[in-house]
Amino acid sequence: MENKKIYRVDSLNLEAGKVSFTPAGHSSKADWKTILSLAFQSVGVIYGDIGTSPLYVFASTFTDKIGHKDDILGVLSLIIYTIILVPMTKYVFIVLWANDNGDGGAFALYSLICRYAKVSLIPNQEPEDRELSHYKLEIPSNKFRRAQKIRHNLEKSKFAKIFLVFVAILGTSMVIGDGVLTPCISVLSAVSGIKPLGQEAVVGVSIATLVALFCVQSFGTDKVGYTFAPAICIWFLFISGIGLYNLFKYDVSVLRAFNPKYIIDYFKRNGTKGWLSLGGVFLCITGSEAMFADLGHFSVRSVQISFSCVVFPALLSAYSGQAAYLSKFPEHVENTFYESVPGPLYWPTFVVAVAAAIIASQAMISGAFSIVAQAQSVGCFPRVKVIHTSAKHEGQVYIPELNYFLMVACVLVTFCFKTTEKLGHAYGIAVVTAEIITTNMVTLIMLLIWKISIWWIILFYVVYVTIESTYLFAQLTKFAQGGFLPVSFSFVLVIIMGIWHYVQKRRYEFELNNKVSSDYIRDLAKNPDIKRVPGIGLLYSELVQGIPPIFPHFVSNIPCIHSIVVLVSIESIPISKVALEEHFLFRHVEPREYKVLRCVVRLGYNDQLGKPEEFENQLVEHLKEFIRHEHYILAAHDHQVEDREISEPVSTGSIMSLVNSSVAQSTHSLSSTRTQMVMSPRLEEEEEIQFVEKAKEQGVFYLLGEAQVVAKQDASFLKKFVVNYAYHFLRKNFRQGEKVMAIPQTRLLRVGMTYEL
């Protein structure tokens, strides 16, 4: 039939249109038993950082002696309202809702924005990606025009696109910096409770503890975290009980600090000195960002319950008790926590404190692993080996290279700084910068996606930017005393991630501009000199549409191709997880008989590619399913054409209506003539599936192009340095593609090609 020659099934569009909605993460509408169970688990996983802050907050705030008794009330009042406004109000009740299908963090926010506006510099705006079930159709509303105007302005602005990806990279860098500093300050402050030891011994024990902590990371967050999880629950019981004991024993009147008047009096009395002390006060909310970054393992409701019912009252009790103790013994401010512990509970508290400090470290180390894995999946970080360590928790990963880097960095930082006071100066800048980035990105989400009242948005932005900027400026005054450390970390990481992202983007554009016409395959099919060899050949390319320039380069060097060739594109989608049935999209490259197909493998930033055997089996099974579906559509189309006697070609858009009509007609009795018409496609289908299975048995082979990237001769000096030297250095010293994908070397064929950017 002539129509069949014109007609073509476009799987990349068709398959994308028939996917099911499978949101990642735990539903906020889960039953209460599940919510309470998750709430209990979250106490032991995400609150280690903020929970161990009572170890060092008063010591970091009063770096000199306490000048006036009411200064204790002023600082306690600052602590109380900082906890109420930032972790409680901002994170627990607002920011947690700005998740990307259950996942949080800087890149999750960036990905969420990119789904609603074409502001990404990363090539992820293919039509197939926008058809994913996670992409929701917007319904017009009264505030829709405001969001549309903002979206159009963002899409037109090159500066906005660059700034957004820079902010995401900077936020990632700060979290990695936090992953270095949290273990240092938490473990050092906990170990300092060993009274007989001198400072050098405390540093030595802390370093040994840190090395042991990083050595067990390969077991995975699940095993490491849950081994010590009960210690955090006991820790909160200890600090709340000790706090209440000190409060009623020494001075219950410190509860007057709930009156914010003491904050005003504190600043009047201390002036600049009081403002500088905010750097220490801010440490009471370190770990707030962890509630958002680790959201993927729990649910919004479970985190809200655990923080409001357990963590919040325990922290208020601990700080109030320490303030009551200091009102009687102000000279003990240098080691307030351990000095305020009753004698019989001292050593049990010390043991629990060390365990809690390790868990606090574990939470931020795991956060650093997760966020680097996210950054790598969207082309903003050099290739590293990402190992998924838990079958139960999809976001738990381990990165060996990053683990060794963090271990060495932690040991050096602990050895050089030696005290929690100096570390506190460095620690605060990383945390507050990450929180300011979150505030700005959530504000943009409010405008662009939530479309709530402008007055609520202004109130949110003004309140939190004012609070966090004040804390940031207070921290920056201590830049020379240690604050330079996170800034230096971030500077190096931003340069690495920026260079990698820039060159990867230019590489993609080169392939897009130099892709080969589909006529090349037709010519290839007619060329008698090109031999077909048994097996399936997987040619990797970053292009979703078109034939990559590396393919004809393969053929010209090796004049033979496999019996089935699949042009595979691994596409990183800016969402957390793609359902398994949505991973593979196929399309035939004409002519169909030549057995060359396009395949797009769509992965979210929390998905894993799997082992080679597993990936090959999934690909072949989805290929056979595609063949069955394609033949079914062709048969349905032929039936419709025969019944209607249509001589015009049928468009791809009408295929689904044809299928539905065909299914409806199948409920009626079919004539023997139609039955005979169905038999032929069925035989063709079985033959094609058997051909695929036989090719699979003969072997799956991987074809990788070794693209040497160089700058053009007339390029600027800066571009030549970035492309020819900096990018080349990163590519040489990080993992190559076949190592990341764990491709067996015995089935790998590489051909080199030079890209001039």
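*Asks:* Outline empty space enclosed by the protein, listing residues and values.
*Replies:* Taken as a whole and assessed by the stated rule, the structure comprises 14 cavities of 30 Å³ or more. By volume, the largest cavity is sized at about 150 Å³. Lining of the largest cavity is provided by 18 residues; of these, Val 175, Glu 289, Ala 293, Met 364 and Ala 434 occupy positions nearest its centre. Elements represented by at least two residues in the lining of the largest cavity include exactly helix H10 (158–191), helix H16 (288–293), helix H19 (346–377) and helix H21 (420–450). Looking at the lining of the largest cavity, the element that brings in the most residues is H21, giving five residues. For the lining of the largest cavity, the residue count by class is eleven nonpolar, four polar and three charged.

*Asks:* How would you summarise the packing of aromatic side chains if you had to cite specific residues and measurements?
*Replies:* A full pass over the atoms with the stated rule returns 22 aromatic pairs. Plain terms: the ring middles of Tyr 250 and Phe 329 are 5.8 Å apart, the flat faces sit at 85 degrees to each other, and that makes the pair edge-to-face. Here Tyr 250, found in helix H12 (residues 221–250), pairs with Phe 329, found in the loop between helix H17 (300–328) and helix H18 (336–339); they are 79 residues apart in sequence, far enough to count as distant. Under the relative-accessibility criterion, Phe 329 is labelled partly exposed at 29%. Look at Phe 405 and Phe 489: their rings are 6.4 Å apart centre to centre, the planes differ by 80 degrees, and that puts the pair in the edge-to-face class. Of the two residues, Phe 405 is situated in helix H20 (residues 400–417) and Phe 489 in helix H23 (residues 479–513); the sequence distance between them amounts to 84 residues. Relative accessible area serves as the criterion here: at 37%, Phe 405 is assigned to the partly exposed category. Taking the relative accessible area as the measure of exposure, Phe 489 reaches 17% and is therefore buried. Within the aromatic cluster, the residues linked to one another by ring pairs are Trp 235, Phe 337, Tyr 338, Tyr 346, Trp 347 and Phe 350. The residue whose ring lies beneath Lys 261 is Tyr 262, and the NZ or CZ to ring-centre distance is 5.6 Å.

*Asks:* How would you sum up the pattern of salt bridges? Please name residues and give values.
*Replies:* Applying the stated rule across the entire model yields six salt bridges. Across the salt bridge formed by Glu 468 and Lys 90, the nearest N and O atoms sit 2.6 Å from each other. Highlighted residues: Glu 468 in helix H22 (residues 454–476) and Lys 90 in helix H6 (residues 69–93), separated in sequence by 378 residues. Both residues of the pair, Glu 468 and Lys 90, belong to the buried class. Glu 621 is the partner of Lys 624 in a salt bridge, and the nearest nitrogen-oxygen pair spans 3.1 Å. A residue pair is termed a helical-turn pair when its members lie 3 or 4 positions apart in one helix, as Lys 624 and Glu 621 do in helix H26 (residues 612–644) at three residues. For Lys 624, a relative accessible area of 7% puts it in the buried group. A relative accessible area of 46% means that Glu 621 is categorised as partly exposed.

*Asks:* Describe the pairing of strand E7 (residues 700–710), with residues and values.
*Replies:* Here four bridges tie strand E3 (residues 531–540) to E7, and the two strands are oriented parallel to one another. Looking across to E7, one finds that Leu 539 is bridged to Leu 703. Pairing geometry for E7 and strand E8 (residues 748–756), over nine bridges, is parallel. Following the sheet pairing, Val 710 is matched in E8 by Glu 756.

*Asks:* Please set out helix H9 (residues 144–156) residue by residue, giving values where relevant.
*Replies:* Compared with the 18 Å implied by 1.5 Å per residue over 13 residues, the 18 Å span of H9 between its first and last C-alpha is a close match. Among the residues of H9, those classed as buried are Phe 144, Ala 147, Gln 148, Arg 151, Leu 154 and Glu 155. For H9, the angular spread of buried residues about the axis comes to 130 degrees, placing them on one side. Along H9, exposed side chains directed more than 90 degrees from the buried face belong to Arg 145, Lys 149 and Lys 156.

*Asks:* Give me the lowdown on a nonpolar patch on the surface, citing residues and values where you can.
*Replies:* On the surface, a nonpolar cluster with roughly 560 Å² of combined accessible area is contributed by Trp 275, Leu 276, Phe 473, Leu 476, Phe 479, Phe 484 and Val 487. For the nonpolar patch, the element with the most residues is H23, which contributes three residues. In this fold, Phe 479 is placed in helix H23. Take Phe 479: its relative accessible area is 37%, and that puts it in the partly exposed class.

Calculation criteria
- Residues numbered from 1 in each chain as written.
- Predicted model: local features only at pLDDT ≥ 70, side-chain atom pairs only at ≥ 80, totals over all residues.
- Heavy atoms only, no water.
- 1 Å grid on protein atoms, 1.4 Å probe; cavity = no way out; pocket = protein on both sides within 12 Å on 5 of 7 lines; lining within 4 Å.
- Points joined across faces, edges and corners; volume = space filled by probe spheres on them.
- Helix = DSSP H or I, 4+ residues; strand = E, 2+ residues; numbered from the N terminus.
- Nonpolar A, V, L, I, M, F, W, Y, C, P; charged D, E, K, R; others polar.
- Phe/Tyr/Trp six-rings, centres within 6.5 Å; stacked < 30°, edge-to-face > 60°.
- Buried < 20%, exposed > 50% of the residue type's maximum accessible area, 1.4 Å probe, protein only.
- Lys NZ or Arg CZ within 6 Å of the ring centre and 35° of its normal.
- Salt bridge = Lys/Arg side-chain N within 4 Å of Asp/Glu carboxyl O.
- Pairing = 2+ DSSP bridges.
- Expected span 1.5 Å × (residues − 1).
- Arc of directions from axis to C-beta.
- Patch = residues over 30% accessible without salt bridge, like charges linked within 9 Å, V, L, I, M, F, W, Y side chains within 5 Å.
- Areas by Shrake-Rupley, 256 points an atom, 1.4 Å probe, with all protein chains shown as cover.

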